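# Structural features, examined
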Amino acid sequence: MKRVLLLAFSFLLLASVAFAQPNTSDAEYVKANYQKYEYQIPMRDGKKLFTSVYVPKDQSKKYPIMMDRTPYSVGPYGADAYKGSLGPSSLFLHDDYIFVYQDVRGRFMSEGIFEEMTPEKEEHKTNQDVDEGTDTYDTIDWLLKNIPNNNGKVGAWGISYPGFFTTTCLLSRHPALVAASPQAPMSDLYRDDAFHNGAFMLVANFGFYPGFTNRQDDKPTQRRGSRLTYGTADGYEFYLNMGSIKNSNDKFYKDTIRLWNEMLHHPNYDQHWKDRNVLPHLHDIKTAVLVTGGWYDAEDLYGAINTYKTLKKENPNTPIYFTMGPWVHGGWSRGNGDHLGDVDFGGPTGPYYREKIEFAFFSHYLKGTDMTLAPVSTFETGVNQWKTYDVWPPKEAVDKNLYFLPNGKLSFDAPATANSFDEFVSDPNKPVPFYDGITLDMQREYMTGDQRFASRRPDVLTYQTDVLDNDVTLAGNIWANLKVSTTGTDADWVVKVIDVYPDSTKNNKFTAKDAYMSNYQQMVRSEAMRGKFRNGFDKPEPFVPGQISPVNFELQDILHTFKKGHRIMVQIQSTWFPLIDRNTQQFQDIMKAKDTDFKKATERVYTSKEHPSFLKVRVM
């Protein structure tokens, strides 16, 4: 999630400046050209939110406002303590804006009680009916009236959790908010960071909350959270030794972290989570929006894609722009974006985004400069080129089914065999690792990592096409349509879509020592599904042992070309550890399971004409 902290507190912990240390020239420029002020801005219910404002010293002209609302601190605190850089990139710093940073309600130096992804209200009948939309409205109103030499136009941006707060800025519907860019925004916490199709994202969440939890009351503080001491560098070993999820409190947290407990107490998609889904509120938006995400964002890929799709659908007359690049979580913010792990993207992609898309967007709407930005700008992985479209997914993409066949075959032709299936024994006490290496974190490289280590395991099913005669480009979302059975009463189903390189592929300049791109199995997209939620995330249902059941779920979008000479591979497994928690493979509340509840089960995937399993894909 962050480069500077090396994923120490994976999951949401992403301050807007956390990807890289600012360079010396930027830090000097800030002090030489900006004056810093600190304010406690009153909200309609009487609470005050701490806000840092950096104003150009040249007061001979008016400037637009760029605002970042964050739960990660606007520090450093003190009128004489300056940030090392301002704005989304150095381009903004040197182009003269008024920069505003605000601690959101209940975080650091702002008053109030913090709520995880504040539930938004459709109606605000009294001054006590507050949410992030009203806090944004009140903040903008105060800034326009109290900050000299503003030009009456406001832009907002943020990445990850601040991306969520940028989305909620839209809900202020303040007429002065003319441009906003939610980047890798959380949108539906249950689906983004907490659970993926009901499977708990263990490693991403566990280490995050000690660092995030600096206060759980209404008392402003500059104090930060603390790190957890693991006692090992091996996360696979650590989480196996921890045992069941409830042991996280018994052994470590001692029921002291409220936000962690909220997840454990709500494993189903109940009202707690429905209230924390911002997507249903994204209507009647007049602000121009640029939604940004990364194809290899392990945290909030869902949020970026679905924030765009919802805004586009519900606000057809509003300028809505969408950009997806070959990036990890926030990887467009700093750095070159030229590779991930062993995979080379053919050159820098980050600078192009920052200048030609992000800077151009805000300059146009806040300063009136010319702009020739396509509605959709996406990077096509596999062939490493930018593509533009009018809408996403592209209208040209055609639905096709990619079938699993006997003998490990994968084909666009439906199966003709009767009564065929593949099976494996899933042992939650010996789970399949999500990453081929030693790490405590949700190592971002797993998103493109070589899957040969997994395909060699007996508890991973592998299907692949013949060598491709032509390029095959998939554009849009992928749906797994599985026909399965289990000897247990619950099971997880993990599906991975993989690009298998030819034997002739040579190593590139980013290939790690002792890695080989020859026959490399690059993961392109992957997702998990907790089987008991196959008929609804709010109503778990057990499997009947041995009975064939459909399990359908979305793997999310891609734009990837499997080149001629490559193969398309799909892997299926039932453990993916410790990326997701272990399923006991019994129908129960896994958050309350005992260490003795984890049982082996035999899992079957059917490949017959009567019970076909396939991926529904969109082919260009």
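Coordinates for the structure precede this section.
Right, let's walk through the structure included here. Given the structure is predicted, the values throughout are model-derived calculations rather than measurements.

Time to look at the side chain of Lys496. For Lys496, the location among the structural elements is in strand β20 (residues 492-500). One buried charge, Lys496, has no salt-bridge partner; the nearest side chain with opposite charge is Asp459, at 9.3 Å. Among the polar contacts made by the side chain of Lys496, one reaches the side chain of Gln573 at a distance of 2.9 Å. In contact with Lys496, not counting residues within four places along its chain, are Gln451, Ala454, Met523, Arg525, Ser526, Met569, Val570, Gln571, Gln573 and Trp576.

Under the definition given, this model contains 63 aromatic pairs. Arranged with centres 6.1 Å apart and planes meeting at 65°, the rings of Phe114 and Tyr161 form a pair that is edge-to-face. Of this pair, Phe114 sits in the loop between β4 (98-103) and α3 (132-146) while Tyr161 sits in helix α4 (residues 161-170); the two residues are 47 residues apart in sequence, bridging distant segments of the chain. For the pair Phe114 and Tyr161, one class covers both residues: buried. Lying over the aromatic face of Phe212, Arg107 brings its terminal NZ or CZ to 3.8 Å of the ring centre. Directly above the aromatic system of Phe598 lies the positively charged group of Arg582, at a separation of 4.0 Å from the ring centroid.

Turning our attention to the pairing of strand β1 (residues 34-42). Taken together, the nine bridges between β1 and strand β2 (residues 48-56) define a ladder with antiparallel strand orientation. The residue bridging Pro42 from the neighbouring strand is Lys48, located in β2. In textbook terms, the turn of a hairpin is the stretch between consecutive antiparallel strands, and for β1 and β2 this stretch comprises five residues, one of which, Gly46, has a positive phi near 100°.

What follows deals with unusual backbone geometry. Cis geometry is found at the peptide bond from Gly75 to Pro76, where omega equals 5°. Relative to the elements of secondary structure, Pro76 occurs in the loop between β3 (63-70) and α2 (90-93). Of note, the amide linkage connecting Phe577 to Pro578 takes the cis form, showing an omega dihedral of -5°. Within the secondary structure, Pro578 sits in the loop between β23 (567-573) and β24 (601-606). The backbone of Asp284 sits at a positive phi, close to 55°, despite the residue not being glycine. Even without being glycine, Asn519 reaches a positive phi, approximately 65°.

Right, let's talk about empty space enclosed by the protein for a bit. Inspection of every chain in the model, using the stated rule, returns seven cavities of 30 Å³ or more. Its boundaries defined by the atoms lining it, the largest cavity holds a volume of some 130 Å³. Every residue lining the largest cavity is counted, 18 residues in all, and those nearest its centre are His196, Ala298, Ser526, Glu527 and Gln556. It is strand β21 (residues 521-530) that contributes the most residues to the lining of the largest cavity, three residues altogether. Taken together, the residues of the lining of the largest cavity break down into eight nonpolar, three polar and seven charged.

For the rest of this paragraph, the subject is the environment of Thr167. For Thr167, the position within the fold is in helix α4. Residue classification places Thr167 among the buried positions, given a relative accessible area of 0%. Spatially, the C-alpha atoms of Thr167 and Met117 are 11 Å apart, while their sequence positions differ by 50 residues. Once you skip the residues sitting within four places of it in the chain, Thr167 turns out to touch Pro182, Pro185, Val278, Leu282 and Thr307.

So, how was this worked out
Residues numbered from 1 in each chain as written. Predicted model: local features only at pLDDT ≥ 70, side-chain atom pairs only at ≥ 80, totals over all residues. Heavy atoms only, no water. Helix = DSSP H or I, 4+ residues; strand = E, 2+ residues; numbered from the N terminus. Buried < 20%, exposed > 50% of the residue type's maximum accessible area, 1.4 Å probe, protein only. Lys, Arg positive; Asp, Glu negative; His and termini not counted. Salt bridge = Lys/Arg side-chain N within 4 Å of Asp/Glu carboxyl O. Polar contact = N/O pair within 3.5 Å; in protein donor to acceptor, adjacent residues only side chain to side chain. Contact = heavy atoms within 4.5 Å. Phe/Tyr/Trp six-rings, centres within 6.5 Å; stacked < 30°, edge-to-face > 60°. Lys NZ or Arg CZ within 6 Å of the ring centre and 35° of its normal. Pairing = 2+ DSSP bridges. 1 Å grid on protein atoms, 1.4 Å probe; cavity = no way out; pocket = protein on both sides within 12 Å on 5 of 7 lines; lining within 4 Å. Points joined across faces, edges and corners; volume = space filled by probe spheres on them. Nonpolar A, V, L, I, M, F, W, Y, C, P; charged D, E, K, R; others polar.

Functional significance is not addressed by these values, which are geometric in nature.
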